[in-house]
Amino acid sequence: MTDRPLTLMAVHAHPDDEATGTGGVLARYAAEGIRTVLVTCTDGACGDGPGGVKPGEAGHDPAAVAAMRRQELEASCEVLKVGHLEMLDYGDSGMMGWAANDAPGSFWTTPVDEAAARLADLMRTYRPDVVVTYDENGFYGHPDHIQANRITSRALELAGATPKVYWTTAPRSMMARFGEVMREFGGDWEEPGSEESELPEIGLPDEEISTWVDTTGFGGQKFDALAAHASQGENIFFLKMGKEKFTELMGVETFVRVQDTTGAALPEDDLFAGLR
């Protein structure tokens, strides 16, 4: 037996990513007494500036955007009751193909072993029982999300045993429902993977998802955590729904289990199945 608390570590690319895919589990497990650790890899400097000004446009100050987004991230963590926030502070690489991809100090150009060594140090410090990050395509092909997957995989090798590792995902059935809600609220929606869309097909068929965690009771917290990222509100479509519709659509968070030492049966409804 040990006095060390069960620990969840979520590794995300940008400020606000923590709320979208894992806000529910961060809030739920914190409420259950599990220690929660959020690692945010970039400074978010390629986000919108005041008034929605975009990177490269007049009035966009990357340093000021990064400072603002850090404050918003801290506010989001307070809403979700995240126990520990760790920031690697690499430069935001922007979307695939942007000049920011190759900028000095960008996360995308950082050697994997260099960033992984820093993350491995955090893993040794916190000794997480569960680690969550993106899949190998960064869910939808974002360079910083892909890099987060790469450094997490390498850090796990460097740091040693972690009982359970997960990648975030979305069921295709939910993506279909998301498209319906987007249109209902006046949003443009091109089905990912379709001829009309620039996005690759995202998510997985329902039967390929290993883990379905009910976070309905924490939908309000998840919504408020997203709302804390007010400077990016133009890009956060979910905020247009209101809490009730948002919780209906986003009340279950889904994952693929990619590493396990517990033998917990699949499918499972708890990231900590087999650990308590």
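Look up: the structure comes first, before these words.
Before going into details, it helps to say that this report is about the structure given with it.

Cut-offs used in this document
Residues numbered from 1 in each chain as written. Predicted model: local features only at pLDDT ≥ 70, side-chain atom pairs only at ≥ 80, totals over all residues. Heavy atoms only, no water. Helix = DSSP H or I, 4+ residues; strand = E, 2+ residues; numbered from the N terminus. Rg over C-alpha atoms; globule rule 2.2 N^0.38 Å. Contact = heavy atoms within 4.5 Å. Areas by Shrake-Rupley, 256 points an atom, 1.4 Å probe, with all protein chains shown as cover. Lys, Arg positive; Asp, Glu negative; His and termini not counted. Charge placed at Lys NZ, Arg CZ, Asp CG, Glu CD. Expected span 1.5 Å × (residues − 1). Bend = angle between axes of the 7 residues up to and from the residue. Buried < 20%, exposed > 50% of the residue type's maximum accessible area, 1.4 Å probe, protein only. Pairing = 2+ DSSP bridges. Right-handed = clockwise from strand over helix to strand, strands pointing away. Salt bridge = Lys/Arg side-chain N within 4 Å of Asp/Glu carboxyl O. Axes fitted to C-alpha atoms, helices over the stretch in contact; angles between N-to-C directions. Parallel < 35°, antiparallel > 145°, perpendicular 65-115°, else oblique. Nonpolar A, V, L, I, M, F, W, Y, C, P; charged D, E, K, R; others polar.

Description of the overall build of the protein chain
When helices and strands are counted, the protein chain shows eight helices and seven strands. A compact globule built from 276 residues should have a C-alpha radius of gyration of about 19 Å, and the protein chain, at 18 Å, falls within 12% of that. C-alpha extents for the protein chain along the principal axes are approximately 60 × 40 × 35 Å. Restricting to contacts in the protein chain with at least 6 residues of sequence separation, those with at least 24 account for 77%. Counting only carbon and sulfur atoms, one obtains 51% of the accessible surface of the protein chain, whose full area is about 12100 Å². Each charge sign in the protein chain was given a centre, from 22 positive and 46 negative side chains, and these centres are 6 Å apart.

Observations regarding helix H1 (residues 17–31)
With 15 residues, H1 extends 20 Å between its outermost C-alpha atoms, agreeing within 8% with the 21 Å of an ideal straight helix rising 1.5 Å per residue. The largest bend along H1 reaches roughly 75° and is located at Gly23. With twelve of its 15 residues buried, H1 lies for the most part within the structure. Taken residue by residue, H1 has Asp17, Glu18, Ala19, Thr22, Gly23, Gly24, Val25, Leu26, Ala27, Arg28, Tyr29 and Ala30 as its buried positions. Positioned one or two residues after H1, Gly33 has a phi angle of 90°, which is positive.

Comments concerning the pairing of strand E2 (residues 35–42)
Put simply, side chains in a regular strand alternate between the two faces of the sheet. Of all the eight residues making up E2, seven are buried; the element is thus mostly covered by neighbouring parts of the structure. Of the pairings in the sheet, the one linking strand E1 (residues 7–12) to E2 comprises six bridges and is parallel in character. Across the sheet, Val11 pairs through a bridge with Val39, a residue of E2. For the crossover from E1 across H1 to E2, the handedness is right-handed.

Side note on the pattern of salt bridges
As enumerated under the stated definition, the model contains 17 salt bridges in all. The shortest N-O distance in the salt bridge between Lys245 and Glu248 comes to 3.9 Å. Linking Lys245 with Glu248, this pair stays in helix H8 (residues 243–250), spanning three residues, or about one helical turn. The class for Lys245 is buried, based on a relative accessible area of 19%. Glu248 sits in the exposed class, given a relative accessible area of 53%. For the salt bridge of Asp270 with Arg276, the shortest nitrogen-to-oxygen distance reads 3.1 Å. You can call Asp270 buried: its relative accessible area is 12%. Connected via shared salt-bridge partners are Arg28, Glu32, Asp270 and Arg276.

Some words on the packing of helix H7 (residues 219–227) against H8
Geometrically, a packed helix pair is captured by the angle between its two axes and the distance between the axes. Interaxial distance between H7 and H8 falls to 9 Å at its minimum, and their mutual angle equals 110°. Of the possible angle classes, the one that applies to H7 and H8 is roughly perpendicular. Residues Gly219, Gly220, Lys222, Phe223, Asp224 and Leu226 of H7 lie in contact with H8, whose contacting residues are Lys243, Phe246, Thr247 and Met250. The residue makeup of the contact of H7 with H8, split by class, is four nonpolar, three polar and three charged.

Geometry only, nothing functional implied.
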